[in-house]
Amino acid sequence: MSNHNETQLDSATLWGGKISPFSTSYGKLMMWFFLVSDALTFGGLLVAYGFTRHACQDAWPIGEETFNSLPFLGHGYPLLYVALMTFILIVSSVTMVLAVEAGHRMDKRGVVRWMLATIVGGLFFVGSQAWEWYHFIHGSEFGKIELADGSKAIVHGHFGELKNFTVLEAGRHHKKGEVIKDDLLHQFHHAIEEGKLVDGKITLHDGSVAKVNRAKDEHMQLIIKEEGTKYTANSKIEGAAAEKLYNEVINSGTPNRVIYGANLTVNEYGPTQYAQFFFFITGFHGFHVFSGVVINFIIFLGVLRGVYHRRGHYEMVEKTGLYWHFVDLVWVFVFTFFYLV
Amino acid sequence: MERDDIIEYSLHGHHDEEAGKQIRKKIWKVTAILTIITVVEVICGAFIKQHSSIWPLVKWGFIILTAVKAAYIVLIFMHLGDEKKTLKYVILLPYFIFIIYLIFICLNEANAVSAALKFFGF
């Protein structure tokens with residue numbers, strides 16, 4: 001692209017401390033050094049993830065089983081959402097490199113247009129990550145269950161829809177005979193976690209007891225993730241047998257036999273460290289994306305005001321571009337090692 | 001006093017409309033390559049199960065494809081391929097040496113820890 005290697009220099013310039021051995025400006029070189037140190041941070045995090053995964057005794061979660069949902073469409077779309085996120089980030093990287101190219105031609109309108117596209121792409125990515133986190137924290141409709149023999153299983157299938165709760169015994173808020181239709185799944189999950197669902201009767205927070213009207217589950221499959229005395233790891237139970245076992249567990253009245261979603265102590269997907277690494281690595285990357293959007297926006301304002309045009313070059317756009325591409329680069333690795341492998 | 005004898009490297013990136021066309025063509029080509037790689041990865045990830053016999057092959061395929069993607073991003077999008085050799089190696093070499101060492105030592109140790117945990121019955 002550039003021809004700086006061909007420039008002829010007299011010996012006073014060459015040896016007089018007036019030349020950069022790298023043929024770059026100070027700012028760009030420092031941005032590269034910063035990126036190397038940041039890359040070491042992410043490299044360290046991902047290697048720590050690999051260490052934990054290899055040292056861990058329990059079955060590690062599989063990406064395509066854990067991340068298989070799309071907004072508004074539900075389950076059954078393995079990896080599609082995260083693929084979409086990856087694509088958004090790659091495209092925003094492309095618009096950034098086009099902004100840099102426009103800057104090299106001193107085309108202010110081009111820089112404005114492509115930088116704006118980059119910022120919009122970055123915001124889309126941050127938004128997608130927010131949805132991903134929300135979904136990860138809240139978990140699946142089924143949750144992870146602990147069977148009678150001590151083995152733990154994740155559940156796949158079509159969750160029977162909750163229709164309503166009919167109050168049998170009045171509590172502080174609900175009268176007898178009242179039909180509750182709001183916030184059913186949330187209350188249902190809470191009751192199961194606390195062991196307050198027995199034989200299809202749920203004890204709500206206000207002390208009232210209600211009958212649960214729920215459609216039948218379909219196509220259910222239990223996949224054993226931690227082995228117990230009866231079932232071995234990775235074995236599968238399907239159909240009516242699976243439904244019977246599942247309903248026994250959720251109706252057992254014993255707390256903590258079902259785990260929904262994830263926090264820093266337990267999660268339904270696998271070992272505790274899995275969720276911790278998920279939150280830390282994707283969170284740290286998301287923070288980089290967010291700060292990248294902010295920096296891009298500040299530079300964008302500078303472009304609009306014509307600061308760089310008057311300066312004679314758009315190297316600021318190039319420098320913020322380096323940071324933005326780096327964020328994309330990190331995501332390429334997170335995508336592979338967290339979701340694919 | 002403002003020095004006028006220092007080389008202004010920031011201007012070296014400038015090019016004309018004709019060169020710009022070539023560069024944009026290259027950018028779109030790289031975009032297509034990155035997109036195709038991602039699509040292939042997602043299809044393999046979604047349809048090939050981790051317990052299947054070809055999984056180790058697929059896994060190494062993912063790692064190689066990731067390295068290819070990373071190379072395109074760093075060399076083309078970040079223009080490191082167009083920089084001077086000195087800069088290229090100052091950025092890449094120390095990083096590679098350190099990270100390969102780190103990967104080797106950590107995964108090796110992880111297997112040892114795993115074996116020890118198993119041995120002591122955890």
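Because the structure is predicted, anything quoted here is derived from the model rather than measured.

*Asks:* Explain the overall build of chain A here, please?
*Replies:* Scanning chain A for helices and strands turns up ten helices and twelve strands. For a compact globule of 341 residues, the expected C-alpha radius of gyration is about 20 Å, and chain A comes in at 27 Å, more than 25% above that figure. By its C-alpha atoms, chain A is 90 × 45 × 30 Å across when sized along the principal axes. Classification of the 341 residues of chain A by burial places 37% in the buried group. Long-range contacts, defined as pairs at least 24 residues apart, comprise 67% of the intrachain contacts of chain A with a sequence gap of at least 6.

*Asks:* Looking at this structure, I do not really get the domain arrangement of chain B. What am I missing?
*Replies:* One frequently used descriptor of interface size is the decrease in accessible area upon assembly of the parts. What the domain assignment reports for chain B is domain 1 (18-82) and domain 2 (83-122). Each of domain 1 of chain B and domain 2 of chain B has a C-alpha centre, and the two are 23 Å apart.

*Asks:* In this structure, what is going on with unusual backbone geometry? I would like to understand it.
*Replies:* Of all residues except glycine, most have a negative phi; of all peptide bonds, most are trans. Located in the positive-phi region is Asp183 of chain A, a residue other than glycine, with phi close to 55°. The phi dihedral of His79 of chain B is positive, around 60°, even though this residue is not glycine. In this fold, His79 of chain B is placed in the loop between helix H2 (55-77) and helix H3 (85-119). C-beta crowding within 10 Å serves as the criterion here: with 20 such atoms nearby, His79 of chain B is assigned to the buried category.

*Asks:* For this particular structure, what's the right way to read the interface of chain B and chain A?
*Replies:* Residue-level contacts link 56 residues of chain B with 53 residues of chain A. Elements supplying a minimum of two residues to the side of chain B that touches chain A: helix H1 (17-47), H2 and H3 of chain B. In terms of residue count, H3 of chain B provides more of the side of chain B that touches chain A than any other element does, 16 residues in total. Classifying every residue of the side of chain B that touches chain A gives 29 nonpolar, 17 polar and ten charged.

*Asks:* I would appreciate a short explanation of H1 of chain B in the present structure.
*Replies:* For the α-helix, the turn length of 3.6 residues means that residues three or four positions removed from each other point alike. The end-to-end C-alpha separation of H1 of chain B is 45 Å, in line with the 45 Å expected for 31 residues at 1.5 Å each. Every buried residue of H1 of chain B is accounted for by Val30, Thr31, Leu34, Glu41, Val42 and Gly45 of chain B. Here the buried face of H1 of chain B lies against helix H3 (63-66), helix H4 (80-104) and helix H10 (315-340) of chain A together with H2 of chain B.

*Asks:* It is not clear to me how the confidence of the model for chain B should be interpreted in this structure. Could you clarify?
*Replies:* Any residue range with low pLDDT should be treated as having predicted coordinates unsuitable for detailed reading. Residues at a pLDDT of 70 or more form 94% of chain B, whose mean pLDDT is 89. If you check the scores for this complex, the pTM reads 0.87 and the ipTM reads 0.91.

*Asks:* How should H2 of chain B be read in this particular structure?
*Replies:* Look at H2 of chain B: 31 Å from first C-alpha to last across 23 residues, which is about the 33 Å you get at 1.5 Å a residue. Inspection of H2 of chain B places Phe62, Lys69, Tyr72, Ile73, Val74, Ile76 and Phe77 of chain B among the buried residues, and these make up the whole buried set. If you follow the buried residues of H2 of chain B, they end up packed against H4 and H10 of chain A together with H1 of chain B. At the C-terminal side of H2 of chain B, His79 of chain B shows a positive phi close to 60°.

*Asks:* Would you mind showing me how to read the domain arrangement of chain A here?
*Replies:* All names here are of chain A. The domain architecture assigned to chain A consists of domain 1 (22-139 + 274-340) and domain 2 (144-261). Each of domain 1 and domain 2 has a C-alpha centre, and these two points are 39 Å apart. With five residues of domain 1 in contact, the opposing surface of domain 2 contributes six residues.

*Asks:* What am I meant to see in the pairing of strand E4 (residues 152-158) of chain A here?
*Replies:* Along a regular strand, successive side chains alternate from one face of the sheet to the other. Residue and element names in this part refer to chain A. The pairing of strand E3 (residues 144-146) with E4 spans three bridges and is classified as antiparallel. Bridge assignment links Lys144 to a residue of E4, and that residue is Ile154. With antiparallel pairing between neighbouring strands as the criterion, E3 and E4 make up a hairpin whose turn holds five residues, including Gly150 at a positive phi of roughly 90°. The pairing of E4 with strand E10 (residues 218-226) spans six bridges and is classified as antiparallel. Its bridge partner being in E10, His158 is matched across the sheet by Glu218.

*Asks:* Would you take a moment to explain the sheet that holds E10 of chain A for this structure?
*Replies:* Strands in a sheet are paired, the pairing made by backbone hydrogen bonds, and the direction either parallel or antiparallel. All names here are of chain A. Taken together, five strands build an open sheet; the order of strands is E11-E10-E4-E3-E12 and the sheet is antiparallel. Of all strands in the sheet, those bounded by a partner on one side alone are strand E11 (236-238) and strand E12 (258-259). Helix H7 (residues 239-250) rests against E3, E4, E10, E11 and E12 of the sheet, and its axis sits at about 70° to E10.

*Asks:* Help me understand the sheet that holds strand E6 (residues 179-180) of chain A, please; the structure alone is not making it clear to me.
*Replies:* All names here are of chain A. Taken in spatial order, the five strands line up as E6-E5-E9-E8-E7 in an open sheet, and their pairing is antiparallel. Bordering the open sheet on either side are E6 and strand E7 (197-198), each of which pairs with just one other strand. Inspection of the sheet shows strand E8 (residues 201-203) paired to strand E9 (residues 209-214) by three bridges, in the antiparallel sense. When the sheet's bridge partners are listed, Ile202 is paired in E9 with Ala210. Contacts from helix H6 (residues 184-193) reach strand E5 (162-169), E7 and E8, with the element oriented near 60° to E5.

Reading the values: rules and limits
Residues numbered from 1 in each chain as written. Chains lettered and ligands numbered in written order. Predicted model: local features only at pLDDT ≥ 70, side-chain atom pairs only at ≥ 80, totals over all residues. Helix = DSSP H or I, 4+ residues; strand = E, 2+ residues; numbered from the N terminus. Rg over C-alpha atoms; globule rule 2.2 N^0.38 Å. Buried ≥ 20, exposed ≤ 12 C-beta atoms within 10 Å, placed from the backbone. Contact = placed C-beta atoms within 7 Å. Domains from an automatic or database assignment. Nonpolar A, V, L, I, M, F, W, Y, C, P; charged D, E, K, R; others polar. Expected span 1.5 Å × (residues − 1). pLDDT = per-residue confidence, 0-100. Pairing = 2+ DSSP bridges. Axes fitted to C-alpha atoms, helices over the stretch in contact; angles between N-to-C directions.

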